[in-house]
Amino acid sequence: MSRVYNFSAGPAVLPEEVLQEAAAEMLDYKGTGMSVMEMSHRSKPFEEIINTAEADLRELMGIPDNYKVLFLQGGASLQFAMIPMNLMKNGVADYIITGQWAKKAYQEAKKYGTANAIASSADKTFSYIPDCSDLPISENADYVYICENNTIYGTKFKTLPNTKGKTLVADVSSCFLSEPVDVSRYGVIYGGVQKNIGPAGVVIVIIREDLITEDVLAGTPTMMQYKTHADAKSLYNTPPAYGIYICGKVFKWLKKQGGLAAMKERNEKKAKILYDFLDESKLFKGTVVKEDRSLMNVPFVTGNEELDAKFVKEAAAAGFVNLKGHRSVGGMRASIYNAMPLEGVEKLVAFMKKFEEENQ
Ligand SMILES: *Cc1c(COP(=O)(O)O)cnc(C)c1O
């Protein structure tokens, strides 16, 4: 067996320990004589898996009792529609456009009501987070929407926007569980798990109870109503059971690492190694303004497309894979999620130094 250092933006690296445990339980989960994949979602063992996963997530994030945790499907992209369909009581929402995912969410919301783009960093290819301290928040806005960590561009909100009392909704797909978070500042926190938590197919929605009502847009499918899933404790229909099981294992792993404060410390240390190198390198350059840099996704370029391609190719041959930047921005991107070991980043930087020396 030989494992690579996988810098993919998602689906992404998972803790090796978790994969090993899952492998050991593949044929016989705790004496049930079957795999979790083969198990009824209404069985006792699965009930325990999903309840434990929720309890561990609540503990990790300090989720208050007046928030529901939902394990859903359809990826983060389905939430682009579910959010307006469920939350637009006045038919108005404000969006802060900091990249492609925020833009997609905004465009989807426009189908269901009035979505206003109240700030954007499109003018500089989304390389920064706009000042959100005093935005023209709509008086009757049902919510203010952000994508908290921009997976493609590598920016992160270091302070949350001033929503002037309106409900904050955040897509945290690529920064989920990377640092402590004050859940009470949000109405909805959601993310696809395939970036920083588990296998694709699960989206976790953490939603304040008062936002879960029957008063949804006319015609909203049953499966797209938060109330359906909240009432049924995520078991209205067959949930992505195996994915939830792996997420649960990652939550246990995170607790063992010391929780989210410890993860933040580790993530800062890892990111610093890479950013410090980018700041001193004569060949490689980071593409994001320093104060808005993401701890999770680090885009960089050499300024020469041919050299970028050569780097990506040689890096892959050396065991550092998926470093090609998103097709919309080019260059490189190293995603260094929770499960990327410090050693992976150190070795990548050593490889970059060597490449720089050879290609001056
Ligand atoms: C990957 C990603 C998405 C899309 O996720 P899907 O699960 O593929 O729908 C949305 N938002 C962010 C921030 C992402 O990183």
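It should be noted that the structure appears before, not after, this text.
Predicted model, so just to flag it, every value in this text is computed and none were measured. (Residues numbered from 1 in each chain as written. Predicted model: local features only at pLDDT ≥ 70, side-chain atom pairs only at ≥ 80, totals over all residues. Heavy atoms only, no water.)

**Q** Describe the sheet that holds strand β3 (residues 92-97), and please don't skip the residues or the numbers.
**A** Strand order in the open sheet formed by seven strands is β2-β10-β9-β8-β5-β3-β4, and the pairing between neighbours is mixed. Every interior strand has two partners, whereas the edge strands, β2 (67-72) and β4 (114-120), have only one. The sheet shows a mean angle of 20° between the axes of neighbouring strands, direction not considered. Sheet topology note: the strand β5 (residues 144-147)/strand β8 (residues 168-171) ladder contains four bridges and is parallel. From the neighbouring strand, C147 faces β8, where its bridge partner is D171. Seen against the sheet, helix α2 (residues 44-61) touches β2, β9 (188-192) and β10 (203-208) and runs at an angle of roughly 130° to β2. (Pairing = 2+ DSSP bridges. Helix = DSSP H or I, 4+ residues; strand = E, 2+ residues; numbered from the N terminus. Axes fitted to C-alpha atoms, helices over the stretch in contact; angles between N-to-C directions. Contact = heavy atoms within 4.5 Å.)

**Q** Residues and numbers for the sheet that holds strand β14 (residues 332-335), please.
**A** An order of β11-β12-β14 is seen for the three strands of this open sheet, with the pairing classed as antiparallel. Among the strands making up the open sheet, the edge pair consists of β11 (285-286) and β14. Looking at chain direction, β11 and strand β12 (residues 297-301) are connected through two bridges and run antiparallel. Paired with K285 across the two strands is V301, which belongs to β12.

**Q** So what about the pattern of salt bridges? Which residues, and what values?
**A** Scanning all chains against the criterion turns up 22 salt bridges. Linking K249 and E21 is a salt bridge whose minimum nitrogen-to-oxygen distance equals 2.8 Å. On the criterion of sequence distance, the pair formed by K249 in helix α6 (residues 241-256) and E21 in helix α1 (residues 16-24) is long-range, its members being 228 residues apart. Note on K249: relative accessible area 11%, which makes it buried. Classification of E21 as partly exposed rests on a relative accessible area of 38%. Between E108 and K111 there is a salt bridge; the shortest N-O distance is 3.9 Å. A relative accessible area of 22% places E108 in the partly exposed class. With a relative accessible area of 60%, K111 lands in the exposed category. (Salt bridge = Lys/Arg side-chain N within 4 Å of Asp/Glu carboxyl O. Buried < 20%, exposed > 50% of the residue type's maximum accessible area, 1.4 Å probe, protein only.)

**Q** Which residues make up the nonpolar core, and what values go with them?
**A** Core analysis: the largest hydrophobic core is formed by 89 residues, its most contacted members being M61, I204, I206, F284 and F311. A per-element tally of this core places α6 first, with ten residues. Leave out the neighbours within four places in its chain, and I204 touches L57, V69, L70, F71, F176, I189, Y190, G191, V193, I197 and F251. Counting 33 residues, the second largest nonpolar core, distinct from the first, contains L87, A105, Y153 and V169. (Core = buried A, V, L, I, M, F, W, Y, C linked by side-chain atoms within 4.5 Å.)

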